[in-house]
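The chain contents come next:
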Amino acid sequence: RLHDVAAPAPAKKEHRKSPLAGLKLNLEPKTPADLLPALAMLKGLYEDGKERIGKLNVREKDLKAQYETKKAEHDHRIEAVEAKFKNHTLSAEWRTNETRDENRLWNYWERVRERQHKQY
């Protein structure tokens, strides 16, 4: 019975059209004038790249400033916990919990900053 079932016909190979099909491009430029469209495209691409890099630099600077603010807040909180512990208004167990929680949050922000910088 297996021989009675016809094997599926091999799929016809599809020919892809070139994205350049239909465009009138001079692939063998003879004069500098033939290269002007390509030059204009490359200059535009270069300017776009410069603009994008400038925006990325501004963004990196802002994110770095935010990170430094978070670092200062973290340091202040840790100092406040230690000061309360030293003047005996905070128990050792509470100090441990507060410090652990604050360090866990700080580790999160450090990883955020690492990812931001990798994207830069």
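Located above this text is the structure these notes cover.
The structure displayed is predicted, hence computed values, not measured ones.

Caption draft 1: How the structure looks around the packing of aromatic side chains. According to the stated counting rule, one finds two aromatic pairs in the structure shown. Ring centres of Tyr108 and Trp109 lie 5.2 Å apart, and the angle between their planes is 70°; this geometry places the pair in the edge-to-face category. Exposure remark for Tyr108: the relative accessible area of 40% places this residue in the partly exposed category. In this structure, Arg95 is placed above the aromatic ring of Phe85, and the distance from its NZ or CZ to the ring centre is 4.3 Å. Its guanidinium or amino end placed over the ring of Tyr67, Arg113 lies 6.0 Å from that ring's centre, counting from NZ or CZ.

Caption draft 2: Fine view of helix H2 (residues 92-119). Helix length check: H2 (28 residues) gives 41 Å between terminal C-alpha atoms against 40 Å at 1.5 Å per residue, within 8%. Turning to H2, its buried residues are Thr99, Glu102, Trp106, Val112 and Arg113.

Caption draft 3: Structural view of a nonpolar patch on the surface. A contiguous nonpolar surface patch, about 330 Å² in accessible area, is contributed by Met41, Leu42 and Leu45. When you line up the elements, Met41 lands in helix H1 (residues 36-86).

Caption draft 4: Local environment of the side chain of Glu102. Counting through the fold element by element, Glu102 comes out in helix H2. Residue Glu102 is classed as buried on the basis of its relative accessible area of 10%. Polar contacts involving the side chain of Glu102 include one to the side chain of Arg77, which spans 3.4 Å. Excluding residues that lie within four positions of it along the chain, Glu102 makes contacts with His74, Arg77 and Ile78.

Caption draft 5: Quick peek at the pattern of salt bridges. Considering all chains together, one arrives at eight salt bridges under this definition. In this structure, Arg77 engages Glu102 in a salt bridge whose closest nitrogen and oxygen atoms are separated by 3.4 Å. Residue Arg77 is located in helix H1, and its partner Glu102 is located in helix H2; the two are separated by 25 residues in the primary sequence. Among the salt bridges present, the one from Arg104 reaches Asp101, with a minimum N-O distance of 3.5 Å. Taken together, the positions of Arg104 and Asp101, both in helix H2 and three residues apart, correspond to about one turn of that helix. Judged by relative accessible area, Arg104 falls into the exposed class, the value being 53%. With relative accessibility at 29%, the residue Asp101 sits in the partly exposed group. One continuous salt-bridge network, built from bridges that share partners, spans Glu73, Arg77 and Glu102.

Caption draft 6: Region of the structure containing unusual backbone geometry. Its identity as a non-glycine residue notwithstanding, His88 has a phi of 65°, on the positive side. With respect to the secondary-structure elements, His88 resides in the loop between H1 and H2.

Caption draft 7: Region of the structure containing H1. Here H1 spans 75 Å end to end across 51 residues, near enough to the 75 Å set by a 1.5 Å rise per residue. Taken together, the buried positions of H1 are occupied by Gly49, Glu60, Leu63, Tyr67, His74 and Val81. Elements in contact with the buried residues of H1: H2. Remark: His88 follows H1 within two positions and exhibits a positive phi of approximately 65°.

Conventions used here
Residues numbered from 1 in each chain as written. Predicted model: local features only at pLDDT ≥ 70, side-chain atom pairs only at ≥ 80, totals over all residues. Heavy atoms only, no water. Phe/Tyr/Trp six-rings, centres within 6.5 Å; stacked < 30°, edge-to-face > 60°. Buried < 20%, exposed > 50% of the residue type's maximum accessible area, 1.4 Å probe, protein only. Lys NZ or Arg CZ within 6 Å of the ring centre and 35° of its normal. Helix = DSSP H or I, 4+ residues; strand = E, 2+ residues; numbered from the N terminus. Expected span 1.5 Å × (residues − 1). Patch = residues over 30% accessible without salt bridge, like charges linked within 9 Å, V, L, I, M, F, W, Y side chains within 5 Å. Areas by Shrake-Rupley, 256 points an atom, 1.4 Å probe, with all protein chains shown as cover. Salt bridge = Lys/Arg side-chain N within 4 Å of Asp/Glu carboxyl O. Polar contact = N/O pair within 3.5 Å; in protein donor to acceptor, adjacent residues only side chain to side chain. Contact = heavy atoms within 4.5 Å.

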